[in-house]
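Residue-level structural notes
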Amino acid sequence: MAHTPQPPDAGGGATTEHGPADPGPPGPGENAPEGHEPGRAGALGPPSWMALAFLLPALLFLGAYMLYPIGFSVYRSLWDAPGTTFVGLDNYVRMFTNPPTFVALRNNVVWVVVAPVVVTVAGLVFAVLTERIRWATAFKLVVFMPMAVSFLASGVIFRLVYEQDPERGLANAVITTVQDTVAPAGDFPDASPREGSGVEPADGGYRLAAQVSPGGEPALVPLVGIAADDLPASAEPAAEPGAAADGAVTGTVWLDFTPGGGGAEGAVDPEERGLPGVGVRLVDDGGATAATTETADDGTFSFEGVADGAYTVELDPRDFTEPYGGVTWLGPTLVTPAIIGAYLWVWAGFAMVLIAAGLSAIPRDALEAARVDGATEWQVFRRVTVPLLSPVLMVVFVTLMIYVLKIFDLVFVIAPGSVQADANVLAVEMWRVAFGANDQGMGSALAVFLLVLVVPAMVFQIRRFRRENS
Amino acid sequence: MSDDAATTAPPGAGPDPLPDPDGAEGALRRSAAARAAARLGSGAVQLLLVLIALFWLVPTLGLFVSSLRAPADNASSGWWTVLARPAELTLENYAGLLDNPAFVGSFWNTVLITVPATLLIVVIASLAGYAFAWMEFPGRDWLFLGVVGLLVVPIQVALVPIAQLYGGAGIYGSIAGVVLFHVGFGLPFAIFLLRNFFAAIPRDLLEAARMDGGRELTIFRRVILPLGGPAIASLTIFQFLWVWNDLLVALVFADAANQPMTKALQAEMRQFGANIDVISSGAFISMVVPLVVFFAFQRYFVQGVMAGAVK
């Protein structure tokens, strides 16, 4: 492992279990202890010009595709869109003041703060958990698999998962199923009061504006807006409420709509059907619920033994709640977290494999000693495992950070056109500006800014390499 | 976390890149109660891992099943309803794709881009890696540190300059332009990986070869390349998948006639719902080669990816 974390590597290929014939590319650090310095071939070594011949193709490519572009981008970023006027640092100023680029910057910050942490933690958890099971290899293969396929394919996969319609999108199908079990939708979400009938909306349910009293006029609650097909099979033709005896309140809740026309508004007509199973409650003047009941199949209800007074008839909101439509994953607010979810799916395997390699290189004695001293498994994990793993965790974290800074494909593929602006990140904005809007000055400035952002990683990289090599 | 994990999975035991430290029992020989608790906990862990594995598998399965359903079915119901109606599965989407010359062309473009780019990277990086590891020349260490620094340079920096360069040279939009760009950006990692591997080849072997009067190219071919086989295999597979899966470079440098599958499919994404038949089956075809390579050569691929940490 040329460049894997040192502790696992020093463990003698614990990373990937290289066979004897397959030592894997060992880190340069491993050479140092033996005083084994490659290249000091002494008098036997070939002359310098020979080295140049071996290096020439590589140097030409690196010069043409990396060094020259860096210089040219810096230069080009100081010019305007067509490249005719020198504008100094204007492009950089615009980058921070221009709303679209500012959104991209803000999203990049969210990405860099959230994604590497989430992925590293997931990798750590998976690596620790799989230490204890027999099918760990199968599990690791499954979780690592997305690393092999393109971000485009992963993006398509998650466009399907995040489809808004719960009938088609997996994520919302799962969520709405759970939601419907916990809090089922009402039978009559489309209902609305018959106008002019004195029924008014109340907290998601409905109530009669006019109060009722025991033994008085029956309560008529006509509703409309429900398609005849949506009525439960048990619904029977609506019945007039019976005359209320002393201490009783009666009424009918029905669909005040005569199929084919006709019928009087607000009156129970022969063709109309009752709404069964609707919760009805009597609320007294103090706002307390005096009694509750449910309508019968013909829509009638009655309360017996009600104390004297004036009451309001209310219909239970639970019978009228809309079915839950799921989460708008790819809407403006959630699109970035949703794409970070897809990113986790792609990269967790990477973090897991590196961390698992580190874990298997931890000296068992250290863990055993802690256990013998009476530490719980959690304490062993927290106080021994994690500190010993920290160099590996750091490498995973920094690597993820570099990739996250440059994130392009997943955002570009998953965010639908209408929310591309809300999901924007620097790399996408750079492409859009330079090759969509044809502003190569601004595009170059964004590219240079990205380069500046990865410079700390470059320094980390070089210093680590020199430390290992010294 | 077991005390005998180290012995149950000796390093180098097999071709399995994903070590499976087996046996959770070792450390937990305390009391019956502790054992019962451990077994219960292990059951919970297994259940959790099964759920996680499903979370990883099911979305991919969703793409696959969607690609086997007629567009009208995909528009009206979720792919999982197929469990109740397996009869609605059809190969029509794939048949349609194979009849579509644009898509078939993009498949071959992917091949024509990926194979030369991978070969060039491996050859050029092997030569350079050997020079960095075993040849003496002034400034060698600084030059190599420069390569290490270039590992993290974002592709974006080169898009505008190289596009202008290609425009002047008349290769903008061509396959050659895409290939050369991949070579340029693949080299730092490739050189880095191979140099480190070559440097670990025992010094005696090289000195013996040089003592025998072997010329550098002969030594390179007879000693370095055979011994470097595993590293070169890792690099080849890693680069192959990297280039095969690329979207950004193709987006900028390949025109419609030369575009690989990724760019062709990306163009269909604008009408995701309407084009779901092409997108799902096309995406799956584009995944097949990487998946075959991954499962066939997983240990080399995993090594390549891990070597790429902090790229």
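Our subject is the structure listed above.
Here goes a summary of the coordinates provided. Nothing here was measured: the structure is a model prediction, and the numbers come from that model.

A word on empty space enclosed by the protein. Per the counting criterion, the structure on display carries five cavities of 30 Å³ or more. Estimates place the volume of the largest cavity at around 840 Å³. Surrounding the largest cavity, 46 residues form its lining, A:F151, A:Y403, A:D409, B:I155 and B:W242 being those nearest its centre. Looking at the lining of the largest cavity element by element, the count peaks at six residues for helix 8 (residues 175-199) of chain B. Tallied by class, residues from the lining of the largest cavity come to 34 nonpolar, eight polar and four charged. The space that makes up the second largest cavity amounts to roughly 40 Å³. Forming the boundary of the second largest cavity are B:T110, B:I113, B:T114, B:V178, B:H182, B:V243, B:W244, B:D246, B:A250, B:P260 and B:T262. The greatest single-element share of the lining of the second largest cavity, amounting to three residues, is contributed by helix 5 (residues 101-134) of chain B. The residue inventory of the lining of the second largest cavity, partitioned by class, reads six nonpolar, four polar and one charged.

Applying the stated rule across the entire model yields 48 aromatic pairs over all chains. Here the aromatic rings of A:F72 and A:Y75 are separated by 6.3 Å at their centres, their planes lie at 50 degrees, and the arrangement is tilted. With a gap of three residues between them, A:F72 and A:Y75 both fall in helix 2 (residues 48-76), about one helical turn apart. Owing to a relative accessible area of 16%, A:F72 belongs among the buried residues under this scheme. Measuring from ring centre to ring centre gives 4.8 Å for A:W347 and A:Y403, while their planes differ by 40 degrees; the resulting arrangement is tilted. You can see A:W347 sitting in helix 8 (residues 335-360) and its partner A:Y403 sitting in helix 10 (residues 377-405), a full 56 residues away along the chain. On the accessibility criterion, A:Y403 (15% relative accessible area) is buried. Grouped by ring-pair contacts, the aromatic residues A:F61, A:Y65, B:Y166, B:Y172, B:F181, B:F185 and B:F253 constitute a single cluster. It is A:R159 that lies over the ring of B:F272; its NZ or CZ is 4.4 Å from the centre.

For the rest of this paragraph, the subject is the side chain of A:S150. Inspection of the secondary structure assignment puts A:S150 in the loop between helix 5 (136-144) and helix 6 (151-161). Here the side chain of A:S150 touches A:A153 through a polar contact of 3.1 Å, landing on its backbone nitrogen. Not counting chain neighbours up to four residues away, the residues in contact with A:S150 comprise B:N245, B:T262 and B:S286.

Given 3.6 residues per helical turn, the α-helix brings residues three or four places apart onto the same face. Look at helix 14 (residues 276-296) of chain B: 30 Å from first C-alpha to last across 21 residues, which is about the 30 Å you get at 1.5 Å a residue. Where helix 14 of chain B bends most, the angle comes to about 30 degrees, and this point is B:V288, followed within four residues by the proline B:P290.

With 14 residues, helix 7 (residues 156-169) of chain B extends 20 Å between its outermost C-alpha atoms, agreeing within 8% with the 20 Å of an ideal straight helix rising 1.5 Å per residue. B:I162 marks where helix 7 of chain B bends most, by close to 25 degrees. The set of residues buried in helix 7 of chain B consists of B:Q156, B:V157, B:A158, B:L159, B:V160, B:P161, B:I162, B:A163 and B:Y166. Among the structural elements, helix 2, helix 13 (426-436) and helix 14 (440-469) of chain A together with helix 8 and helix 12 (248-253) of chain B are those in contact with the buried residues of helix 7 of chain B. After helix 7 of chain B finishes, the residue B:G170 shows a positive phi value of roughly 75 degrees.

Cut-offs applied
Residues numbered from 1 in each chain as written. Chains lettered and ligands numbered in written order. Predicted model: local features only at pLDDT ≥ 70, side-chain atom pairs only at ≥ 80, totals over all residues. Heavy atoms only, no water. 1 Å grid on protein atoms, 1.4 Å probe; cavity = no way out; pocket = protein on both sides within 12 Å on 5 of 7 lines; lining within 4 Å. Points joined across faces, edges and corners; volume = space filled by probe spheres on them. Helix = DSSP H or I, 4+ residues; strand = E, 2+ residues; numbered from the N terminus. Nonpolar A, V, L, I, M, F, W, Y, C, P; charged D, E, K, R; others polar. Phe/Tyr/Trp six-rings, centres within 6.5 Å; stacked < 30°, edge-to-face > 60°. Buried < 20%, exposed > 50% of the residue type's maximum accessible area, 1.4 Å probe, protein only. Lys NZ or Arg CZ within 6 Å of the ring centre and 35° of its normal. Polar contact = N/O pair within 3.5 Å; in protein donor to acceptor, adjacent residues only side chain to side chain. Contact = heavy atoms within 4.5 Å. Expected span 1.5 Å × (residues − 1). Bend = angle between axes of the 7 residues up to and from the residue.

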